[in-house]
Amino acid sequence: RKEVEQDPGPFNVPEGATVAFNCTYSNSASQSFFWYRQDCRKEPKLLMSVYSSGNEDGRFTAQLNRASQYISLLIRDSKLSDSATYLCVARQGGKLIFGQGTELSVKP
Amino acid sequence: SAVISQKPSRDICQRGTSLTIQCQVDSQVTMMFWYRQQPGQSLTLIATANQGSEATYESGFVIDKFPISRPNLTFSTLTVSNMSPEDSSIYLCSVDAASGSTWDTQYFGPGTRLTVL
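This text gives an overview of the structure that appears in the document. (Residues numbered from 1 in each chain as written. Chains lettered and ligands numbered in written order. Predicted model: local features only at pLDDT ≥ 70, side-chain atom pairs only at ≥ 80, totals over all residues. Heavy atoms only, no water.)

**Observations concerning the overall build of chain B**
Looking only at helices and strands, one finds zero helices and 11 strands in chain B. The order of helices and strands in chain B, counted from the N terminus, is β-β-β-β-β-β-β-β-β-β-β. For 117 residues, the compact-globule formula gives about 13 Å, and the C-alpha radius of gyration of chain B, at 13 Å, lands near that figure. Dimensions along the principal axes, computed over C-alpha positions, put chain B at roughly 40 × 25 × 25 Å. Split into buried and exposed, the 117 residues of chain B put 49% on the buried side. Of the roughly 5500 Å² of accessible surface on chain B, 49% is carried by carbon and sulfur atoms. (Helix = DSSP H or I, 4+ residues; strand = E, 2+ residues; numbered from the N terminus. Rg over C-alpha atoms; globule rule 2.2 N^0.38 Å. Buried < 20%, exposed > 50% of the residue type's maximum accessible area, 1.4 Å probe, protein only. Areas by Shrake-Rupley, 256 points an atom, 1.4 Å probe, with all protein chains shown as cover.)

**A closer look at the pattern of salt bridges**
For side chains bearing opposite charge, pairing can occur when the charged atoms are close. In this structure the tally under the stated criterion is seven salt bridges over all chains. Between D77 of chain A and K79 of chain A there is a salt bridge, with its nearest N and O atoms 2.9 Å apart. D77 of chain A gets classed as partly exposed once you look at its relative accessible area, which sits at 37%. Close ionic contact of D87 of chain B with K65 of chain B constitutes a salt bridge, the shortest N to O distance being 2.6 Å. With D87 of chain B in the loop between β8 (75-80) and β9 (89-96) and K65 of chain B in the loop between β6 (56-57) and β7 (68-72), the pair connects residues that are 22 residues apart, well separated along the chain. The residues D87 of chain B and K65 of chain B share a single accessibility class, namely buried. (Salt bridge = Lys/Arg side-chain N within 4 Å of Asp/Glu carboxyl O.)

**Details of the state of the cysteines**
Considering all chains together, one arrives at two disulfides over all chains under this definition. Paired through a disulfide, C23 of chain A and C88 of chain A show a sulfur-sulfur distance of 2.0 Å. One quick way to see it: the torsion about the S-S bond of C23 of chain A and C88 of chain A is about -80 degrees, and its sign makes the bridge left-handed. Taken together, the residues C23 of chain A in strand β3 (residues 19-25) and C88 of chain A in strand β9 (residues 84-92) connect sequence positions 65 residues apart. C23 of chain B shares a disulfide with C93 of chain B; S-S distance 1.9 Å. An S-S torsion of about 70 degrees defines the bridge between C23 of chain B and C93 of chain B as right-handed. A residue pair is termed long-range when its members are at least 10 positions apart, and C23 of chain B in strand β3 (residues 19-25) and C93 of chain B in strand β9 qualify at 70 residues. For C23 of chain B, a relative accessible area of 0% translates into the label buried. Given a relative accessible area of 0%, C93 of chain B falls into the buried group. (Disulfide = S-S within 2.5 Å.)

Set out below in structure tokens:
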């Protein structure tokens, strides 16, 4: 079993749609969690950290449920520019554990 | 955020040869990390490089295959030795965003795209 598992993709949605990504992690020792975005042929870039209280950044909302070992990312009013691969990441000590990524394609 | 550069950005190499990838950061950092991203896959940590000590390798990665140098607090190199086509990947270095606490995220360099023929 992978340490961090994400919804298989790709997600193909129209502009303006709301998209939800789900992620689970298996190691309860994981200390912190992040969502990264990776554009084609580019390096991953931090989208947002994920806190147990939930956090929001504009159209993006992230949630963490430690009891269920579950992480989510909600994108509202999706834009064409949101098209990318979204990576769920858990941190264990100095090490980042990446999920396999979920590809999002937003169409006009 | 830290600015990270890598050289080369891409290379095509013959099997059996070795390639050294350089990673330069614009500020001093304690730890530098090397990741591999195989085609269609996500990132996997190869090793953690601390200045002044030997790198710490993850399961499945060994020093003979991926020797790492860390001569100072802003620079590291990763060598991919005796390459085979299975080594074709993107190799990325990263650093902690700030203090290196477990709450920190990491910033990534632009990656080195390696193709082995």
